[in-house]
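# Working through the structure, step by step
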Amino acid sequence: SYSFLNLPPSARVGALGGTQIAMQDEDLSIAFQNPAMLNRKMDKQMSLNGTLYFAGIKYGYAGYADHFGFDTANKNITRFSAGIQYINYGKFNAADSIGNLVGEFDADEYVMHFGMAIQDKQFPRFTYGGNLKFIYSALEKFYSSAVAVDLAGAYIDTSRRFIATLVFKNIGRPIKNFSKENREKLPYDVQIGLT
């Protein structure tokens, strides 16, 4: 369940293998995969991505980032992001128990995230970040929901052009399962990246 969380949020990330957690530039979709990569270049940036997948499936990502006045000289540098990723699996024929067509139904999944990154003034090469995710999955009249977090840390040495990062993705649990018999699992992952 919730495997759509592993889809790349942008064409650029998809072209780089589907996961990119150790690159710091103005591409906001990378902060969706690693919130520790939020940086000054992403302030007031918006990211809109859409993909026409195979078999009529569509998915996309939209996000925005800013420091919202928290970027002051005397405090830690804090940045925020918010976004939504979705997938629509298209229309399906609905049938009764003996195979008579009785209509159509659709299937969708969504994740809304709120992210934050903090760069400590005492240790400016270290950045810490997190995403809070609210996940919703619907299939015909059945639905499931979950809550999860991503936790990330990064060491960024701009003079040597070196980044090392560690991300714990999709730590969480379902709030409501599709059925009482089955408990959906989140696609938990631990990733290490070097650039």
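See the structure printed just above.
Below is a summary of the structure that appears in this document. (Residues numbered from 1 in each chain as written. Predicted model: local features only at pLDDT ≥ 70, side-chain atom pairs only at ≥ 80, totals over all residues. Heavy atoms only, no water.)

## Quick notes on the overall build of the chain
Formally: Only DSSP runs of H or I covering at least 4 residues are called helices, and only runs of E covering at least 2 are called strands; the numbering of each starts at the N terminus. Accessible area is worked out with a 1.4 Å probe on protein chains only. A residue is then buried under 20% of its type maximum, exposed over 50%, and partly exposed in between. When checking whether two residues touch, look at their non-hydrogen atoms; a contact exists if any pair is within 4.5 Å.
Looking only at helices and strands, the chain features two helices and eight strands. Seen in sequence order, the chain has helices and strands lined up from the N terminus as α-α-β-β-β-β-β-β-β-β. On the principal axes, the C-alpha backbone points of the chain span a range of 70 × 30 × 30 Å. The buried share of the chain, taken over its 195 residues, is 43%. Restricting to contacts in the chain with at least 6 residues of sequence separation, those with at least 24 account for 50%.

## What to know about the packing of aromatic side chains
What counts here: Two rings belonging to Phe, Tyr or Trp (six-membered ring only in the last case) form a pair when the distance between their centres is within 6.5 Å. Interplanar angles under 30 degrees mark stacking, angles over 60 mark edge-to-face geometry, and anything in between is tilted. Placement of a positive charge over a ring is assigned whenever Lys NZ or Arg CZ falls within 6 Å of the ring centre and within 35 degrees of the normal to the ring plane.
For the coordinates displayed, the defined rule picks out eight aromatic pairs. Following the ring pairs from residue to residue traces out a cluster consisting of Tyr-53, Phe-54 and Tyr-59. Here the guanidinium or amino end of Lys-133 rests over the ring plane of Phe-32, the centre of that ring lying 5.4 Å away. Lying across the ring of Tyr-143, Lys-176 places its NZ or CZ 4.5 Å from the centre.

## Notes on a nonpolar patch on the surface
Under the convention used in this document: Like charges within 9 Å and nonpolar side chains (Val, Leu, Ile, Met, Phe, Trp, Tyr) within 5 Å are joined into patches, using only residues over 30% in relative accessible area that form no salt bridge. Only the protein chains shown count as cover for residues, and the accessible areas themselves come from Shrake-Rupley with a 1.4 Å probe. For this document, the term salt bridge refers to a Lys or Arg side-chain nitrogen within 4 Å of an Asp or Glu carboxyl oxygen.
Residues Ile-84, Tyr-86, Tyr-110, Met-112, Phe-114, Leu-132, Phe-134, Tyr-136 and Tyr-143 make up a contiguous nonpolar surface patch of roughly 770 Å² in combined accessible area. Those elements that provide at least two residues to the nonpolar patch are β3 (77–95), β4 (101–119) and β5 (126–139). Structurally, the position occupied by Tyr-143 is in strand β6 (residues 142–157). Since its relative accessible area comes to 36%, Tyr-143 is described here as partly exposed.

## Focus on the sheet that holds β4
Note the threshold: Each pair of strands is called paired provided DSSP finds at least two bridges between the two strands. Fitted lines through C-alpha atoms serve as axes, helices being fitted only where they are in contact, and the angles separating the N-to-C directions of these axes extend from 0 to 180 degrees.
Strand order in the open sheet formed by eight strands is β1-β2-β3-β4-β5-β6-β7-β8, with antiparallel pairing between adjacent strands. The open sheet has two edge strands, β1 (45–52) and β8 (189–194), and neither has a second partner. Pairs of neighbouring strands in the sheet enclose a mean axial angle of 15°, with direction left out of account. Where β6 lies against strand β7 (residues 162–176), twelve bridges are found, and the strand directions are antiparallel. Residue pairing in the sheet places Ile-156 in a bridge with Ile-163 of β7.

## Quick notes on the pattern of salt bridges
The tally for this structure, following the rule as stated, stands at seven salt bridges. Residue Asp-66 is joined to Lys-44 by a salt bridge in which the shortest nitrogen-to-oxygen separation is 2.9 Å. Remark: Lys-44 occurs in the loop between α2 (28–33) and β1 and Asp-66 occurs in strand β2 (residues 58–66); sequence separation between them is 22 residues. Salt bridges sharing partners connect three or more residues here, namely Arg-12, Asp-25 and Asp-27.

## So, the layout of surface pockets
Quick reminder of the rule: Buriedness of a pocket was judged along seven lines, with at least five required to meet protein on both sides within 12 Å; pockets are open sets of points on a 1 Å grid over the protein atoms alone, cavities are sets where a 1.4 Å probe fits but cannot get out, and lining residues have an atom within 4 Å of a point. Grid points are joined across faces, edges and corners, and a volume is the space filled by probe spheres set on the points. Note on residue classes: Ala, Val, Leu, Ile, Met, Phe, Trp, Tyr, Cys and Pro are nonpolar, Asp, Glu, Lys and Arg are charged, and everything else, Gly too, is polar.
Its boundaries defined by the atoms lining it, the largest pocket holds a volume of some 390 Å³. As for the largest pocket, its lining consists of 18 residues, and the residues nearest its centre are Gln-24, Asn-39, Arg-40, Gln-119 and Thr-158. Residue assignment for the lining of the largest pocket shows that the elements contributing at least two residues are β3, β4 and β6. Of all the elements, β4 adds the most residues to the lining of the largest pocket, at three residues. Among the residues making up the lining of the largest pocket, the classes are represented as six nonpolar, six polar and six charged.

## Regarding the nonpolar core
As a reminder, the rule being used: What is meant by a nonpolar core is a set of buried Ala, Val, Leu, Ile, Met, Phe, Trp, Tyr and Cys residues, joined one to another through side-chain atoms within 4.5 Å.
Judged by nonpolar contacts, the single largest core of 14 residues is most densely connected at Tyr-2, Phe-4, Leu-5, Ile-87, Val-111, Ile-135 and Leu-186. Elements that contribute at least two residues to this core include exactly β2 and β6. The residues contacting Phe-4, other than those within four sequence positions of it, are Gln-85, Ile-87, Tyr-89, Glu-109, Tyr-110, Val-111 and Ile-135. Val-13, Ala-22, Ala-36 and Ala-154 belong to the second largest nonpolar core, which has twelve residues in total.

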